[in-house]
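Architecture at a glance
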Amino acid sequence: MKKPEEEKFGIVSRREFIKGLGVTAISTVAAQTAAVAQELEKANAEKVIGPGAVPVTLSVNGQNLQLQLEPRVTLLDALRNYSSLTGAKEGCDRAACGACTVLMDGRPIYSCQKLAIEAQGHQITTVEGLAANGNLSPVQQAFIDKDALQCGYCTPGFIMSVTALLQKNPRPTLAETKHACSGNLCRCGTQPHILQAVFQAAGVSMADKTEVIKHV
Amino acid sequence: MNAFEYATALSPDSARSLVGNQGAYLAGGNDLLGLLKDYLINADILVNIKSLPGLNKIEPGRRHWTLGTLVTIAEIEDNAGLAQAFPGLHDAAMEIASPQIRNVATVGGNLAQHSRCWYFRHRDTVCLKRGGDLCYARESDNRYHSLFTGNTCISPVVSSLATTFAALDATAIVLRNGKETPMKMDALYHRAWENPLAHNSLDPGDLILRVEIPTSRRSSAYMQVSDKHAFDWALVSCAAAADVVDGKLAHPRVALGSISPVPHQVEAANQFLNGKTLDDETASAAADMILKEARPLEHNAYKVPMAHALIRRTLLKLKG
Ligand SMILES: Cc1cc2nc3c(=O)[nH]c(=O)nc-3n(C[C@H](O)[C@H](O)[C@H](O)COP(=O)(O)OP(=O)(O)OC[C@H]3O[C@@H](n4cnc5c(N)ncnc54)[C@H](O)[C@@H]3O)c2cc1C
Ligand code: SF4
Ligand code: FES
Ligand code: FES
C-alpha cells in the first residue's frame, strides 16, 4: 500500500511543485504543446501506463504545465490541486452542476469528469486565462457591472459557458442563452442578472429583453 | 476512485485485447468516471477509445446514415443534414444533459450508460443490480422507475438515443469476438429485460463501432417530460418515426424511454398505425395499445397518463 500523501500528489509533492512554478514547470511555449502532446500520445499509444504517476503535459491558458499524475487524476484535480489554478470550482464532482466548467479547444466541458491525461494535446482555458494585459474580458466585466453573483462559487463556470457562447454566437437570443447556460446551476438564484450580463457583453440593448428577463 | 492503468487504443482489435475482462472502455467519460468515483464498478484498466480511426464520422447514405461510435451528442445536435433527415434525432440530442456533456459524450457511451436508479447509484446500498439480494426500489421510492419489466429490477433504460434509434429502427454494429454483430435496440437491451444484473446486452469487451439509421422513415419526432426544464433525464420520453404518404403513415414505429429496461415498443400498435391517417383518436388508440400491459407501482402511476399524452403528441408531430 502506498502512503496516502504520495497517493494524493503523485511523485512531485504539491509544495515542491509550487516552488517549481515559474522556473521550469510552466513553459510559455504554447505552440509546442500540441507537438509535445502528439509525441507523448504516439509514444504512449497502445502502451499500458500507470497506475502510478506518469508525466502529463497540459496546455492551460497558453502555457505548458508539466505534471506527474496518476491516470485517475481528473483535469479539475490537476488544475486545482497540482497546479494552484483554483478558478474552476469543485461542486458536485459528478457532471451535474457546472462549477468546474473550462474550455477545451474553445468548447465548454466539465473538468471534473475528464481525466487530465486525456486532456493532453488540447488547449484548455480556465477563468484565469480570460483577462488580457490586466484587463478583464467583456464577459467578466459584465458580470461585475450587472452584479451577476452572490456567493460567487458558480461564477467561473458560468463565465466560461457564456464566453464560449458569445464566441460562437455573438448576439444570442434569450432562448439560445438559456440553452447554453443550462449546464450551470446557481444555488443563489442569480440567473436573471447573469442573463443581463450576457446581453451587456453581447452589446445587445436591454430594452426589448428586460421584460422577459424579469419573468425568468 | 481506485487507481487504474490506462492505455490509448489505435485499433478496435487492440482496444479489445487491452481491455481484457476487467477493464472498461473510456469514451466521453461522463458516466464511467461517475461509476468509478462512487465505487459502483471496478476497472483495472481504462482503454481510451477516442483515437480509434474512422469512428468519429457522420456519414450520409442512400439506404442508411452511419454514426460512428465516437460521434458526440453535440455533433448530432449541430449537423444540419442529419437534422433534416431525422428531426427526431436532432430533438433528442438537443435535450440530452447539458452543453458541457454533449460536447464530449459519445453515441456508444450514451447507449451503454448504466442505470440511474438512485439505489443503484448510492454507494452504500448494494441492491440486486450490484449483486445484492434485494430490489430496494420495489418497496420504496420508485417514482422514476419502470412500468414494464421482465425481472425483479425495475430500473428503466434512460438513453435518449436508444429511444430514438428504436423508433428509427436503427442497428448498432458491435464488435464481439472479432466479428461485427448487428444489434437492433431490442437486442441491445434485451438482457436488461431478463437479468437484473445487466444494463444492456453487451458482454465484457464488446465494442460498439457504429450505428446505422435507415433512411426509409423520412418523418420523425421526439419529446420528453422531465422534472426540470433542462439538464435532466426524462420521466418519460417518446420517439416516433414513419414515412407519411398522402397523409397516411407508412411503416410507423413508436418507442418509449424511462418506462422499461428496454426501449418500450409494441409491434401490434405499429401495425395498427400502418396505413392510417393520423388524428387524435387514432393516436389515442395506439397509445392505449402501447400502455395496455403497464404495471404501475406505488409512486410511478403518473407515468401512465404522461406516456399516453406524449405518444399522442409525438405521433401528431409526424409530418408528411
Ligand atoms: C445531469 C445529467 C443529465 C443527463 N440527461 C440525459 C438525458 O436526458 N438523456 C440521456 O440519454 N443521457 C443523459 N445523461 C447521460 C449522459 O448523456 C451520458 O452519461 C453520456 O452520454 C455518456 O457518454 P460518454 O461518451 O461520456 O460515456 P462514457 O462515460 O465514456 O461511457 C459510458 C459507458 O459506456 C461504455 N462504452 C463507451 N463507449 C463504448 C463503446 N463504443 N462500446 C461499448 N461500450 C462503450 C463505457 O465503458 C461505460 O461503461 C445525463 C447526464 C447527466 C449528468
Ligand atoms: S430497480 Fe434495479 S437498480 Fe434499482 S434498486 Fe431495484 S434492483 Fe437495484
Ligand atoms: S464539479 Fe464538475 S459539474 Fe459539478
Ligand atoms: S452565486 Fe452562489 S451559487 Fe451562484
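Residues numbered from 1 in each chain as written. Chains lettered and ligands numbered in written order. Predicted model: local features only at pLDDT ≥ 70, side-chain atom pairs only at ≥ 80, totals over all residues. Heavy atoms only, no water.

**A few points about the overall build of chain A**
Of regular secondary structure, chain A possesses nine helices and six strands. Considering chain A as a whole, with its 216 residues, one finds that 48% of them fall into the buried category. Nonlocal contacts in chain A, meaning residues at least 24 apart in sequence, comprise 59% of its contacts between residues at least 6 apart. Taken as a whole, chain A presents about 10300 Å² of accessible surface, with 54% of it coming from carbon and sulfur. (Helix = DSSP H or I, 4+ residues; strand = E, 2+ residues; numbered from the N terminus. Buried < 20%, exposed > 50% of the residue type's maximum accessible area, 1.4 Å probe, protein only. Contact = heavy atoms within 4.5 Å. Areas by Shrake-Rupley, 256 points an atom, 1.4 Å probe, with all protein chains shown as cover.)

**Topic: the overall build of chain B**
Along the backbone of chain B there are 14 helices and eleven strands. Taken over the C-alpha atoms alone, chain B extends approximately 55 × 50 × 35 Å along its principal axes. Residues classed as buried in chain B amount to 58% of the 320 residues present. Only carbon and sulfur atoms are counted for the fraction: they give 50% of the accessible area of chain B, which is about 12800 Å². Seen as two clouds, the 32 positive and the 33 negative side-chain charges of chain B have centres 2 Å apart. (Lys, Arg positive; Asp, Glu negative; His and termini not counted. Charge placed at Lys NZ, Arg CZ, Asp CG, Glu CD.)

**A closer look at the packing of aromatic side chains**
Residues and elements named next belong to chain B. Per the stated rule, a full pass over the model turns up five aromatic pairs over all chains. Where Trp65 meets Phe86, the ring centres are 6.1 Å apart and the plane angle is 75°; that geometry is what we call edge-to-face. Taken together, the residues span a long stretch of sequence, with Trp65 in strand E5 (residues 64–68) and Phe86 in the loop between helix H4 (80–85) and helix H5 (87–94) at a distance of 21 residues. When its relative accessible area of 11% is taken as the criterion, Trp65 is described as buried. (Phe/Tyr/Trp six-rings, centres within 6.5 Å; stacked < 30°, edge-to-face > 60°.)

**Observations concerning the pattern of salt bridges**
Under the defined criterion, the tally for this structure stands at 24 salt bridges over all chains. Residues Asp31 of chain B and Arg121 of chain B are paired through a salt bridge, measuring 2.9 Å at the closest nitrogen-oxygen approach. Here Asp31 of chain B, found in the loop between strand E2 (24–26) and helix H2 (32–37), pairs with Arg121 of chain B, found in helix H8 (residues 118–121); they are 90 residues apart in sequence, far enough to count as distant. Residue Asp31 of chain B is classed as buried on the basis of its relative accessible area of 14%. By sharing partners, the salt bridges in this structure join Asp93 and Arg94 of chain A together with Lys37, Asp38 and Arg123 of chain B into a single network. (Salt bridge = Lys/Arg side-chain N within 4 Å of Asp/Glu carboxyl O.)

**Points about the site of ligand 2**
All names here are of chain B. In the vicinity of ligand 2, 13 residues are found, and the nearest of them are Cys117, Cys127, Cys135, Cys153 and Ile154. Put simply, the parts of the chain that give the shell around ligand 2 at least two residues each are H8 and helix H9 (136–139). Considered class by class, the residues forming the shell around ligand 2 number ten nonpolar, two polar and one charged. (Near = heavy atom within 4 Å. Nonpolar A, V, L, I, M, F, W, Y, C, P; charged D, E, K, R; others polar.)

**Observations regarding helix H13 (residues 280–291) of chain B**
Residue and element names in this part refer to chain B. The end-to-end C-alpha distance of H13, which contains twelve residues, comes to 16 Å, matching closely the 16 Å that a straight helix rising 1.5 Å per residue would cover. The set of residues buried in H13 consists of Thr282, Ala283, Ala286, Ala287, Ile290 and Leu291. Burial along H13 is one-sided: seen end-on, the buried residues are contained in an arc of 160°. On its buried side, H13 packs onto strand E11 (248–257), helix H12 (267–273) and helix H14 (303–317). (Expected span 1.5 Å × (residues − 1). Arc of directions from axis to C-beta.)

**A few points about the sheet that holds strand E9 (residues 219–225) of chain B**
Residue and element names in this part refer to chain B. In space, the three strands of this open sheet follow the order E9-E10-E11, with antiparallel pairing throughout. Each edge of the sheet is formed by a strand with only one pairing partner; in this case those strands are E9 and E11. Looking at each pair of strands side by side, their axes are set apart by 15° on average, direction ignored. (Pairing = 2+ DSSP bridges. Axes fitted to C-alpha atoms, helices over the stretch in contact; angles between N-to-C directions.)

**Focus: the domain arrangement of chain A**
Residue and element names in this part refer to chain A. Assigned domains within chain A: domain 1 (12–39), domain 2 (51–128) and domain 3 (130–208). For domain 2 and domain 3, the distance between their C-alpha centroids amounts to 22 Å. Across the boundary between the two partners, domain 2 contributes 18 residues, which contact 13 residues of domain 3. Seen at the junction of domain 2 and domain 3, the total is zero salt bridges. Taken together, the elements giving at least two residues each to the side of domain 2 that touches domain 3 come down to strand E4 (101–104) and strand E5 (107–110). (Domains from an automatic or database assignment.)

**Description of the domain arrangement of chain B**
Accessible area lost during the coming together of the parts is what is often quoted as the interface size. All names here are of chain B. Here chain B is described as being made up of domain 1 (1–49) and domain 2 (56–320). Domain 1 puts 17 residues into the contact, and the matching count from domain 2 is 19 residues. Carbon and sulfur atoms supply 61% of the area that domain 1 and domain 2 bury against each other, a total of about 1500 Å² over both sides. Interface area lost by domain 1 to domain 2 is led by Asn30, Asp31 and Leu40, which between them contribute 33%. Counting every contact that joins domain 1 to domain 2 gives three salt bridges. For the pair domain 1 and domain 2, the interface holds three residue pairs in polar contact (both at pLDDT 80 or more). Breaking the side of domain 1 that touches domain 2 down by element, the ones donating at least two residues are helix H1 (12–19) and H2. Top contributing element to the side of domain 1 that touches domain 2 by residue count: H1, with four residues. Here the side of domain 1 that touches domain 2 is built from residues that sort into nine nonpolar, three polar and five charged. (Buried area = accessible area lost by both parts, 1.4 Å probe. Polar contact = N/O pair within 3.5 Å; in protein donor to acceptor, adjacent residues only side chain to side chain.)

**Overview of the site of ligand 1**
Around ligand 1 sit 31 residues in total, of which Tyr25, Gly29, Leu32, Thr106 and Ser160 of chain B are the nearest. Mapping the residues adjacent to ligand 1 onto the chains of the assembly identifies chains A and B. Val158 of chain B is positioned such that a nitrogen or oxygen atom in its backbone is 3.5 Å from an oxygen atom of ligand 1. Ile208 of chain B is positioned with one of its backbone polar atoms (N or O) 2.8 Å from a nitrogen atom of ligand 1. Among the secondary structure elements, those contributing two or more residues to the shell around ligand 1 are helix H7 (107–111) and strand E8 (207–214) of chain B. Examining the composition of the shell around ligand 1, we find that three residues originate from one element, H7 of chain B, more than from any other. Here the shell around ligand 1 spans two domains, and each of domain 1 (1–49) and domain 2 (56–320) of chain B adds at least three residues to it.

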